[in-house]
Structure formats: structure tokens, C-alpha cells
Amino acid sequence: MNFSKSLIQWYLLNKRDLPWRNTTDPYHIWLSEIMLQQTRVAQGLPYFLRFTEAFPTVFDLAEAEEEQVLKLWQGLGYYSRARNLHQTAQKIASDYQGQFPQSYSELLQLKGIGDYTAAAIASFAYNESVPVVDGNVYRVLARYFEVETDIASSDAKKEFTALARELLPKGEANVFNQAIMEFGALQCVPKNPDCNHCIFNDSCAALQKKKVAALPVKSKKNKVKDRWFHYVIFADEQHHTLVQKRSAKGIWHNLYEFPLIETTASEPEADVEKRIAQQKLVPNAIQSVHRDATASTLHKLSHQHLHIDFWKVRVKGTLKGGTDWESVKKLPFPVVIFNFIEKERY
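Keep in mind it's a predicted model, so treat the numbers as computed, not measured.

Student: What is the right way to read the nonpolar core from this model?
Tutor: One broad rule of soluble globular proteins: the nonpolar side chains tend to lie buried together. Counting residues in each nonpolar core, the largest one holds 96 residues, and the members touching the most others are Trp30 and Leu61. Per-element accounting of this core gives the leading share, 8 residues, to helix 8 (residues 115-126). Excluding its chain neighbours within four sequence positions, the residues that come into contact with Leu61 are Tyr27, Trp30, Leu31, Phe51, Phe55, Val69, Leu85, His86 and Ala89.

Student: Just checking my understanding: could you explain the packing of aromatic side chains for this structure?
Tutor: Geometry of an aromatic ring pair is reported as the spacing of the ring centres plus the angle between the planes. By the definition in use, this model includes 21 aromatic pairs. Summarising the aromatic geometry, the rings of Tyr144 and Phe145 are spaced 4.8 Å apart at their centres and angled 75 degrees between planes, so their arrangement reads as edge-to-face. For the pair Tyr256 and Phe333, a centre-to-centre distance of 6.3 Å together with 55 degrees between the ring planes defines the contact as tilted. Placement of the pair is Tyr256 in strand 4 (residues 256-257) and Phe333 in the loop between helix 14 (325-328) and helix 15 (335-343), with a sequence separation of 77 residues. Of the two residues, Tyr256 and Phe333, neither departs from the other in class, the shared state being buried. An aromatic cluster is built from Phe229, Tyr231, Trp252, Tyr256, Phe258, Phe310, Trp325, Phe333 and Phe340, whose rings are joined through pairwise contacts.

Student: Teacher, can you tell me more about the pairing of strand 1 (residues 225-235) here?
Tutor: Residues in a regular strand point their side chains to alternate faces of the sheet. With 9 of 11 residues buried, strand 1 is to be regarded as a mostly interior element. Bridge count between strand 1 and strand 8 (residues 304-315): 11 bridges; the pairing is parallel. Residue pairing for strand 8: Ile233 is matched across the bridge by Lys312. With 4 bridges joining them, strand 1 and strand 5 (residues 260-263) adopt antiparallel strand pairing. Of the residues in strand 5, the one forming a bridge with Tyr231 is Leu260.

Student: When you look at the side chain of Thr161 in this model, what are you seeing that I'm missing?
Tutor: Here Thr161 is to be found in helix 10 (residues 156-167). Only 2.6 Å separates the side chain of Thr161 from the backbone oxygen of Lys157, close enough to count as a polar contact.

Student: Help me out: how do you make sense of the pattern of salt bridges in this one?
Tutor: Two side chains bearing opposite charge may form a pair once their charged atoms approach each other closely. The final tally for this structure, using the stated rule, is 15 salt bridges. Of the charged contacts in the structure, one is a salt bridge between Lys209 and Glu146, with a shortest N-O distance of 2.6 Å. One end of the pair, Lys209, is in the loop between helix 12 (205-208) and strand 1; the other, Glu146, is in the loop between helix 9 (135-144) and helix 10, with 63 residues separating them in the sequence. A salt bridge links Glu267 to Arg275, with the nearest nitrogen and oxygen atoms 2.9 Å apart. Classification of Glu267 by relative accessible area gives partly exposed; the value is 24%. Members of the salt-bridge network, linked through shared partners, are Glu146, Glu148, Lys209 and Lys211.

Criteria and thresholds
- Residues numbered from 1 in each chain as written.
- Predicted model: local features only at pLDDT ≥ 70, side-chain atom pairs only at ≥ 80, totals over all residues.
- Heavy atoms only, no water.
- Core = buried A, V, L, I, M, F, W, Y, C linked by side-chain atoms within 4.5 Å.
- Buried < 20%, exposed > 50% of the residue type's maximum accessible area, 1.4 Å probe, protein only.
- Helix = DSSP H or I, 4+ residues; strand = E, 2+ residues; numbered from the N terminus.
- Contact = heavy atoms within 4.5 Å.
- Phe/Tyr/Trp six-rings, centres within 6.5 Å; stacked < 30°, edge-to-face > 60°.
- Pairing = 2+ DSSP bridges.
- Polar contact = N/O pair within 3.5 Å; in protein donor to acceptor, adjacent residues only side chain to side chain.
- Salt bridge = Lys/Arg side-chain N within 4 Å of Asp/Glu carboxyl O.

This is the structure:
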């Protein structure tokens, strides 16, 4: 089709020079695809470079400690990706002798690899004729062909995948899949695309019918939940503090944090101070409690807004199980807590 040929020609002239595009190594492609889920290229690129330097092969990643993996991932968010990445590396190293499965269907059996990631690895590394469908692809196809199916609906994935499969040029799945994704990322962007300088400005249905801003159709997101986190930063006379690994499933699982008091709503400072004293988080006598107003922050996640305060508590004597601050800084924390740690001077 002219659409596919034109798209590939555009890509070869305009593609970004990215390290995972200069290889067919499935390990590097897999790393990049996992990192770029819910993440912009500009943010993900430094992490990719750090990971490939620290773990040149899948064996190196498999042999690493989980804490080392989480520390390198720190700040990239959606930490379940890092845990799945580590576990899948171990499986590939042990069960597949370090060789990635070479088909879409086999790749789907690995933890953390869904339809899109399996299709990306299979087509980019092995040129298997399987289409990729991500947010960029939804947008390009919805606009060019005027597809009004709600992309959040149960039917959308099947419909758009079938359309993308029809467009795949024989023997060129690797370059076509990258082309349509890059076109969505650079040209057919979500807001205010430059349609006047688009290679499809004479054939795009959405442009002809003035529906570019209305496509793709997407129903509203789920309601965001608000949570109030009060982190308690103890400091004893030896300048040690207390940290704990977050065992609860959900956000930040297996990352470290300070002792936490969660409330159902915002509370007056005096009430939180009472909670800290009543919780008896430590047996030591408390000398002082104050909220670090400069560190208060609203941390926005996809489905949660976390209202975070940090409470500094001085105690007498020595904390049982306390950790010095230099050791604390080496542990993997959610980035919002790590930023607080970085500015502390103990």
C-alpha cells in the first residue's frame, strides 16, 4: 500500500538515532521496550545506557541482586517492570541458556511481556510478521482511516491489530513497525500535530474531515484516588535513622521507605504529632517532632495522588536497628523519598 511505503520512506529520513535501533539483539530490544512503557524516550534513554553498562548480558542481569536492579531503576516509576525484568532475565538465563525465544507466541510466555512487547521483540529482532499496537499506532491509524472505535473499549485492540496486520509489508515488519511508532511519536502527536507538513495531508481522513483533535476516541480515565502519607524520619544521637522494606503489594513493593503513617484525609499538624507519639514506633524517648514543610509534596501516579509529608523526630539514645545515612542512600527508594534523602545533611 502507498501508506506503508510512504511511512517507511518518512521513517528512513526522519528516525531518531537510538541505541536499541542499531541492533537486532533481543536483550537490548527487550530492555528498551520494558523501559519505554509509560515512559518518554528522553527519560528512558539514560536508564537504558546505565542498565546495559551495569548488565551487558542477560546473564549479568540475572545474577544481580534485586536491590541493585531497583536502585538502578530508581526514578523510572512503575517498579513492577523492574521486578518482572529481573525475574524474566533469571528465567531466560536458567531455562533458555541465555537465548531469547524467537517467536511472538513463545515470548508471550515470559513474565512482564504482553502482546505489544512480544510483537516488538519478535518483529524488531527476528522480523516476524506480527503488528505492534501501542498508543502511537492507535493514534496514527485512528486519524488516517477515521476509526472511531473507543480505544479504551474491549473491541479496540482486536480491530486495530487487524488493521495494522493488513498494512504490514511482506518481509518488512521490523522497519514498518518502527516507522509507524516513530511517526506517532514525532509527527502525528497527540496535541496540535503539524498537519500542514505531514506526508499524509492529502489523504488523512481525519484531516479532511477536521477531526484530528477528536481522534482517537478514548473514554475518560478512572477516578484518581487521594492518599495521605506521613513519613517519620527518626534521628538518634548517633545520627542513625530507621528504614524498612515495603512488603505490601502495590506501589513501591520491595522498595525502602521510612516508617509510615497513612491517614484517610488531611489532618492538622497537632493531630499527626499525636499519632506519631501514640504509635510508639520506637521505644526511645522523643525529644522533638516537626514537619518539614519544605519537603511536603504532591506525588502524582496514574491512579493515585499521594500527599506526602516528612516528619523529623529526634530521639534520645541509640535507635535499635538504626542505619547510618550513607548506607541509607545506597538503598532503592521511591524517587520522591530519595529526593528528600539527597537534600538532608546529617
